[in-house]
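Inside the fold
So the chains spell out like this:
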Amino acid sequence: MSTAATATRTTVPAGRRAGAVALATVAGVAVATQSRINGELGSRLGDGLAAAVVSFGAGLVLLLLLVPATPGGRRGLATLRGALARGALRPWQCLGGVCGAFLVFTQGATVGTLGVAVFTVAIVAGQSASSLAVDRAGIGPSGRQPVTVARLAGAVLTVAAVLLAVGDRLGEPATLVLALLPLLAGVGVAWQQAVNGWVRVITGSTLTATLVNFAVGTTVLLAAFAVSVALRGRPPGGWPTEPWLYLGGPIGVIFIAVAAAVVRLTGVLLLGLATVAGQVVGAVLLDLLLPSAASHPDATTLLGAVLTLVAVAVAALGGRLRTWSSGTRSGTARRGRTGAAGR
């Protein structure tokens, strides 16, 4: 497994890696949008768990229509069954949706109180540290990735940038306590991206990997919601009539699909940093474009958003420079050995 993963990592062309980072950044913008939608839905329903069930359930329905309708999806499902049967794919590698379910639950439960900005800070803090550990352990399909100075600097700079952008909103102790939920969700996101990436690689189908994620997540959320209804009754709020409040699931499908497709090209850390950059930029754009937004970005917030983009560039460029330097040294060594043999 590690040998194949290492080969994948060292043969990724720079152009494909840059394209993967760009896609991950766009997916991050989608996450910020999803957080705003699910947070509003959770507030309207008065139940973050109900909002999570609606979001994940809508995504699952969409995938149940798409996957069987496409040849690649059908092949992916057949390959998935065979891979599980012969042990090429372990059952625990199909459980990424559990972490996704918890993330969506925290959106519905906390964004209405914390706001998208503080929610993003907590996600970033958990995801950055966890991504380093996941890459170092080689859990993802890109194989073991060393904790280099550039990658560590990129992770630290990302957290610092987001803290700069929203630091003035972290003063209340109650906010910090509630932020522990998305912090834990951020820790799980890195592992989710890694295992979903393996499902994508082994099945050869992004849609299949996304369907597995949503099927597992919806199952977990439905079980938790059934217990909640039995103990506390139905959600106190009524079902809103605005269609946009039910788009969190389809947006989540886009994010999970992109992450599963590109993680083998970027590694978990760089994928996480790129999506973080997109989340911060998306949060700023939402504040600028939506007149009803509770907060409006000032110069400090905009500076923090720019700094997150710089952090991604540091991590990405550091990896490219290391690869180029290694290739140059090995090429020089080969030429030296060839020259010595000729003499």
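A few points on the structure. This structure is a prediction, so every number in the text was calculated from the model and none was measured.

The next subject is helix 4 (residues 71–86). Since there are 3.6 residues in each turn of an α-helix, residues three or four apart along the chain are aligned in direction. Taking 1.5 Å of rise per residue, the 16 residues of helix 4 would be expected to cover 22 Å, and the 23 Å separating its terminal C-alpha atoms lies within 8% of that figure. Along helix 4, the positions that sit buried rather than exposed are Gly73, Gly76, Leu80 and Ala83. In a view along the axis of helix 4, the buried residues occupy a sector of 85°, so they form one face of it. Counted as exposed and oriented over 90 degrees from the buried face of helix 4: Arg75, Arg81, Ala85 and Arg86. As for helix 4, its buried residues are in contact with helix 8 (180–203) and helix 9 (206–232). Note on helix 4: the residue one or two positions beyond its end, Gly87, has a positive phi of about 85°.

A word on the environment of Gly42. With respect to the helices, strands and loops of the structure, Gly42 is situated in helix 2 (residues 14–45). For the pair Gly42 and Gly112, spaced 70 residues apart in sequence, the C-alpha to C-alpha distance is 7.4 Å. Setting aside chain neighbours within four positions, we find Gly42 in contact with Asp47, Ala51 and Gly108.

What follows concerns the packing of helix 3 (residues 48–66) against helix 10 (residues 248–266). For the pair helix 3 and helix 10, the least separation of the axes is 7 Å and the interaxial angle reads 65°. As for the relative orientation of helix 3 and helix 10, their crossing is right-handed in sense. Counting all contacts with helix 3, which are made through Ser55, Ala58, Gly59, Leu62 and Leu63, the residues of helix 10 involved are Gly248, Gly249, Pro250 and Val253. Class assignment of the residues belonging to the contact of helix 3 with helix 10 gives a composition of five nonpolar, four polar and no charged.

One can find Gln34 in helix 2. Reaching out from Gln34, the side chain makes a polar contact with the side chain of Gln107 at a distance of 3.3 Å. Ignoring sequence-local partners within four residues, the contact set of Gln34 consists of Ser55, Val104, Gln107, Gly248, Ile251 and Gly252.

Counting residues in each nonpolar core, the largest one holds 39 residues, and the members touching the most others are Leu41, Leu63, Phe214, Leu221, Val268 and Leu271. Counting only elements with at least two residues in this core, the list comes to helix 2, helix 3, helix 5 (96–137), helix 8, helix 9, helix 10 and helix 11 (268–289). In contact with Leu271, not counting residues within four places along its chain, are Ala24, Gln193, Ala259, Val262, Val263 and Thr266. Residues Leu80, Val199, Ala209 and Ala260 belong to the second largest nonpolar core, which totals nine residues.

Further remarks concern the pattern of salt bridges. In the structure shown here, the tally under the stated rule is three salt bridges. For Glu242, the salt bridge identified is with Arg44, shortest N-O distance 3.1 Å. Note that Glu242 is positioned in the loop between helix 9 and helix 10 and Arg44 in helix 2, a separation of 198 residues in sequence. Overall, Glu242 belongs to the partly exposed group, its relative accessible area being 27%. The residue Asp47 makes a salt bridge to Arg232 at a minimum N-O spacing of 3.5 Å. Residue Asp47 is located in the loop between helix 2 and helix 3, and its partner Arg232 is located in helix 9; the two are separated by 185 residues in the primary sequence. Among the residues examined, Asp47 registers a relative accessible area of 5% and is labelled buried. Taken together, the salt bridges that share partners define one network made up of Glu40, Arg44 and Glu242.

What counts, and where the lines are drawn
- Residues numbered from 1 in each chain as written.
- Predicted model: local features only at pLDDT ≥ 70, side-chain atom pairs only at ≥ 80, totals over all residues.
- Heavy atoms only, no water.
- Helix = DSSP H or I, 4+ residues; strand = E, 2+ residues; numbered from the N terminus.
- Expected span 1.5 Å × (residues − 1).
- Buried < 20%, exposed > 50% of the residue type's maximum accessible area, 1.4 Å probe, protein only.
- Arc of directions from axis to C-beta.
- Contact = heavy atoms within 4.5 Å.
- Axes fitted to C-alpha atoms, helices over the stretch in contact; angles between N-to-C directions.
- Left-handed = near helix turned anticlockwise from the far one by under 90°.
- Nonpolar A, V, L, I, M, F, W, Y, C, P; charged D, E, K, R; others polar.
- Polar contact = N/O pair within 3.5 Å; in protein donor to acceptor, adjacent residues only side chain to side chain.
- Core = buried A, V, L, I, M, F, W, Y, C linked by side-chain atoms within 4.5 Å.
- Salt bridge = Lys/Arg side-chain N within 4 Å of Asp/Glu carboxyl O.

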